[in-house]
Amino acid sequence: MKIAVIGSGIGGLATACRLASKGHEVTVFEKNASPGGKIGEINMKGYRFDTGPSLFTLPELVEELYSAASEPVPSTFAYKKLDVLCKYFYNSGENLIAWADQQKFTDECVQKLGEDPSNITNYFKNASLIYKITADIFLFNSLHKVKNLLKFSVLKSLFQVHKIRFYKTMHAANRRNFKSPLLVQLFDRYATYNGSNPYKAPATLNVIAHLENNLGAYFPEQGMYTIVQHIYELALKKGVRFNFNALVTSINIKNKKAVGLSVGDTSFTFDKIVSNSDINYVMNNLMDHPQKKRFRQLEPSSSALVFYWGVNKEFPELDVHNILFSGDYKEEFTNLFQNKTIVSDPTVYIFVSSKMLKSDAPKNCENWFVMVNAPANSTENWDELIRTTKKNIIAKINKSLKTNIEDYIDHEKIASPISIAQNTLNRGGALYGNSSNSMFAAFLRHPNFLKSVKNLYFVGGSVHPGGGIPLCLASAKIVSNEIPAQ
């Protein structure tokens, strides 16, 4: 069959590989000049920055693409397991190292926070249980086909679904589990991995901690963008065609069937269409969507404000991943989702890939990816918000690291919800489509296909099962399983 894939984000690339490996003729249409979607890179005056996701989990899902394509995993696709998951800096002055070794991490929490070690052990056991229960139901199967729900493994999981605590918020579950409010804050932050609010998102999202803490966090030896490069090269090897600088302007539907797409005034005919575009963009710009009104009412996920800084000094107190926590986490999320602004004391994430990949920065320098969560754009005055937030970030870094970071910033580039929306077509720059700020969030995500429109499928972070590299790869697998081999 002739199959079109709209968008070359990680979900679109993986889908193209899988379908081409099944013998189909696959063509990818990408509005940008290169593949990757949210996973990109910037080269600036000797500094290299990964611009999108900075954490790599479940690397076996990438390797599975090679298996599906009957190709060996190339030796160039190499990655290292991190010994330190993250370094945490609290407003109150405490610092905490989240070791990948759970015993070392437990000892750290006991010694510095006075936490009961059994609380940490029980938390990780529960996160593992949530994963086992939800993997078949939510992550690697479509929720929207009855036959999937009748599988034995799924039925077995359904009988245990009360154990995933979807009726509690993440914060409520974490507050009950830990004595230390600093540890509660640490595990609450996993809600931000899909752009949500831990004070509203279901405790089911504690499954995210399982991927990082139980299964491990990794770093590709040549940087995050090499994940895209390798999947793109695999797609080319399997015969996938790519049309770059090709913005799809409509999905063409006839007699309730997708029959092709248009790029400007040029129309193309295809047997099936797979969209890797943000679902809100699809609804508002590419087709007459039957559920547009319902999805328009859903709350968008958070976006991000990112400063890419070339720093002409090395900071040994930092690791690859670092968090400088706000003093009032609840206020931060209230402002983010209700007041649509960034607090004066935001949580700051600093990703320094040059800690692992020295060539990402000149000698004795570091490349800092400095990010705060931001509201999806609506009517904010971003020039002013960027200016004041940068000032607040610098003050926070200076206090935490006892430095004057502004003296060491050689070069700067900025990404805001506005630029993210322009580059990725996400509504308001919302990074994950809609938020998961309700107990029914998993069921409210857009399905991977429409029963009312045949031959049309959806992958990527804005649809089922969700955002982030592993879930985008999972969506590609789900859709590929829906389209038979040639």
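The paragraphs below set out a description of the structure included in this document. A quick note: this is a predicted structure, and the numbers were derived from the prediction, not measured. (Residues numbered from 1 in each chain as written. Predicted model: local features only at pLDDT ≥ 70, side-chain atom pairs only at ≥ 80, totals over all residues. Heavy atoms only, no water.)

## Things to note about the packing of aromatic side chains
- Under the defined criterion, the tally for this structure stands at 32 aromatic pairs.
- Pairwise contacts between aromatic rings join Tyr-47, Phe-49, Phe-219, Tyr-308, Tyr-349, Phe-351 and Phe-369 into one cluster.
- Note that Lys-2 overlies the ring of Phe-270, its terminal NZ or CZ placed 5.5 Å from the centroid.
- Over the face of the ring belonging to Tyr-190 we find Arg-189, whose NZ or CZ atom lies 5.5 Å from the ring centre. (Phe/Tyr/Trp six-rings, centres within 6.5 Å; stacked < 30°, edge-to-face > 60°. Lys NZ or Arg CZ within 6 Å of the ring centre and 35° of its normal.)

## Things to note about the nonpolar core
- With 101 residues, the main nonpolar core has Phe-105, Leu-183 and Phe-187 as its most contacted residues.
- With 8 residues, the top contributor of residues to this core is helix H4 (residues 117-139).
- Those residues within four positions of Leu-183 in sequence are excluded, and the remaining contacts are Tyr-90, Leu-96, Phe-105, Cys-109, Leu-113, Glu-115, Ile-120 and Phe-178.
- Counting residues in each nonpolar core, the second largest holds 25 residues, with Phe-270, Ile-279, Val-453 and Leu-456 among its members. (Core = buried A, V, L, I, M, F, W, Y, C linked by side-chain atoms within 4.5 Å. Buried < 20%, exposed > 50% of the residue type's maximum accessible area, 1.4 Å probe, protein only. Helix = DSSP H or I, 4+ residues; strand = E, 2+ residues; numbered from the N terminus. Contact = heavy atoms within 4.5 Å.)

## Thoughts on the sheet that holds strand E18 (residues 409-415)
- Here we have 7 strands laid out as an open sheet, ordered E7-E6-E15-E16-E17-E14-E18, and mixed in their pairing. Looking at the sheet topology across the chains shown, the edges are occupied by strand E7 (95-99) and E18. Between one strand and the next, the sheet's axes are offset by a mean angle of 20°, whatever the strand orientation.
- Against the sheet, helix H15 (residues 417-424) makes contact with strand E14 (303-311), strand E17 (366-374) and E18, and its axis sits at roughly 100° relative to E14, the strand it touches most. (Pairing = 2+ DSSP bridges. Axes fitted to C-alpha atoms, helices over the stretch in contact; angles between N-to-C directions.)

## Observations concerning the pattern of salt bridges
- Within the structure shown, the criterion is met by 13 salt bridges.
- Put simply, Lys-112 and Glu-108 hold a salt bridge, and the shortest N to O gap is 2.7 Å. Separated by 4 residues within a single helix, Lys-112 and Glu-108 lie in helix H3 (residues 102-113), roughly one turn from each other.
- Looking at Lys-112, the relative accessible area reads 43%, which means it is partly exposed.
- Exposure remark for Glu-108: the relative accessible area of 10% places this residue in the buried category.
- Glu-366 is paired through a salt bridge with Lys-355; the nearest N and O atoms lie 2.8 Å apart. You can see Glu-366 sitting in strand E17 and its partner Lys-355 sitting in the loop between strand E16 (348-351) and E17, a full 11 residues away along the chain.
- Given a relative accessible area of 2%, Glu-366 falls into the buried group.
- Here the residues in one salt-bridge network are Glu-41, Arg-48, Asp-50 and Asp-360, joined through shared partners. (Salt bridge = Lys/Arg side-chain N within 4 Å of Asp/Glu carboxyl O.)

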